[in-house]
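Structural description and commentary
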Amino acid sequence: MTRYIVVKGTSGIGNRVFAVATGILYAQLSGRQLVVDWRDGSYSNTGENLFFRYFDCPIAKSVDVLPVTDSIYPAVWQHQLHRSLGSLRNEFGLTGYADMSFDVSRLDYEEDIIVLSAYTHKIHAMRPLFTGDAMGLAQLTGSEILSSILRENIFLKEDIFHEVEKFKNENFEGHMIGVHIRYSDMKVPLPEVESSLRSLVGSVQSRYPKFKIFLATDSQDVLLSFQDKFPNVISISKWFSTSGKRLHQNPQECQDLVQNGIEALMDLYLLAACDSLIFASRSSFSFLASLLMTKPNHRCYDIDRNKSLIKRVELRLKRMIGV
């Protein structure tokens with residue numbers, strides 16, 4: 001008898017893809033059939049399952065394969081699998097994801113359907129499962145595992161892939177510096193990005209006569225500012241919110257939610273095609289782009305990395321002195 005794992009979609013592209021990557025690995029370890037449900041309306045108000053509009057994923061099926069059953073865990077999803085994660089959370093007044101998702105560190109669920117509700121990947125929580133045939137995973141970092149899952153299982157739909165390739169062929173030249181700046185609901189520190197970019201441009205100019213900066217951002221003001229401050233800045237043509245709100249989950253302003261998602265995917269895969277990438281890993285979209293980079297000798301510059309190191313050192317010192 002086939003058993004299933006259903007991955008619900010929530011928030012932006014990066015969050016969703018990381019949740020699906022978790023589901024792929026869990027499905028492989030558990031022998032369950034993976035089902036992906038992106039019908040929540042963030043990128044479409046028609047009820048379409050947008051995962052299969054955006055990606056080909058041979059291991060994944062849509063919700064129409066699910067049987068009619070009450071054997072569902074967590075029980076909050078019984079008779080509610082057609083609902084979005086957000087609407088169910090609001091109805092029951094839930095603030096986290098624990099009550100709406102199974103524990104990925106276990107394989108002993110008896111229910112026919114188990115539901116994964118996650119804001120990001122859960123690779124770290126799955127490490128107790130890396131035994132036996134999966135023991136090789138224990139030697140890999142979370143980033144290495146995610147990168148392998150993404151490259152082997154999730155592929156852009158052909159029409160979106162061709163749009164990415166067309167932009168590259170028409171606009172990429174010489175050494176490409178990718179920059180991602182989230183600046184709507186999450187504001188990446190612009191001075192630090194600008195400082196890193198100036199240093200990188202100075203280094204690149206001495207070695208590569210031709211270079212360009214591909215900027216992916218959710219702020220038109222940021223785009224115009226960087227085009228004024230730096231040479232050779234290019235970007236795809238896309239919709240921007242006039243109110244400064246985030247680009248996804250904004251049906252009040254955006255006239256074409258599906259296209260909005262396609263533009264995000266173009267940004268993502270064009271960043272991944274660059275030779276160098278400046279990003280802040282606090283953004284799941286940025287982190288995802290860094291994992292998808294394709295150039296053999298690519299370089300990543302995470303402006304959050306040094307901050308994270310400082311915080312870890314401070315925490316260790318506080319523990320040592322008993323604060």
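The present account deals with the structure reproduced in this document. None of these values were measured; they are calculated from a predicted model.

Quick word on the side chain of Ser117
Mapped onto the elements, Ser117 comes out in the loop between strand E6 (113-116) and helix H4 (142-153). Within the local environment of Ser117, its side chain forms a polar contact with the backbone oxygen of Met100, the two atoms lying 2.8 Å apart.

Concerning the packing of aromatic side chains
In this structure the tally under the stated criterion is 14 aromatic pairs. Ring centres of Phe51 and Phe52 lie 5.1 Å apart, and the angle between their planes is 90°; this geometry places the pair in the edge-to-face category. On the accessibility criterion, Phe52 (23% relative accessible area) is partly exposed. Residues Phe172 and Phe214 carry aromatic rings whose centres are separated by 6.1 Å and whose planes lie at 50° to one another, so their mutual orientation is tilted. Residue Phe172 is found in the loop between helix H5 (158-171) and strand E8 (175-181), and its partner Phe214 is found in strand E9 (residues 211-217); the two are separated by 42 residues along the sequence. There is no split in this pair, since Phe172 and Phe214 are both buried. Pairwise contacts between aromatic rings join Tyr26, Tyr73, Phe102 and Tyr109 into one cluster. In this structure, Arg16 packs its charged tip against the face of Trp38, placed 5.3 Å from the ring centre.

With respect to the sheet that holds strand E4 (residues 60-61)
With parallel pairing, five strands are arranged side by side in an open sheet as E4-E2-E1-E6-E5. Two strands lie at the open edges of the sheet, namely E4 and strand E5 (72-73), each paired on one side alone. The sheet strands contacting helix H1 (residues 13-30) are strand E1 (4-8), strand E2 (33-37) and E6, and the helix crosses E1 at an angle near 170°.

Examining the environment of Lys238
Along the polypeptide, Lys238 turns up in the loop between strand E10 (233-234) and helix H8 (257-272). According to the relative accessible area criterion, Lys238 is buried, its value standing at 15%. In this structure, the C-alpha to C-alpha distance between Lys238 and Ile262, residues 24 residues apart in sequence, is 9.7 Å. Setting aside chain neighbours within four positions, we find Lys238 in contact with Thr217, Glu263 and Asp267. Here Thr217 takes part through its backbone oxygen, which lies 2.6 Å from a polar atom of the side chain of Lys238. Polar contacts involving the side chain of Lys238 include one to the side chain of Asp267, which spans 2.5 Å.

How each quantity is defined
Residues numbered from 1 in each chain as written. Predicted model: local features only at pLDDT ≥ 70, side-chain atom pairs only at ≥ 80, totals over all residues. Heavy atoms only, no water. Helix = DSSP H or I, 4+ residues; strand = E, 2+ residues; numbered from the N terminus. Polar contact = N/O pair within 3.5 Å; in protein donor to acceptor, adjacent residues only side chain to side chain. Phe/Tyr/Trp six-rings, centres within 6.5 Å; stacked < 30°, edge-to-face > 60°. Buried < 20%, exposed > 50% of the residue type's maximum accessible area, 1.4 Å probe, protein only. Lys NZ or Arg CZ within 6 Å of the ring centre and 35° of its normal. Pairing = 2+ DSSP bridges. Contact = heavy atoms within 4.5 Å. Axes fitted to C-alpha atoms, helices over the stretch in contact; angles between N-to-C directions.

Shape is all these values report; function is a separate question.
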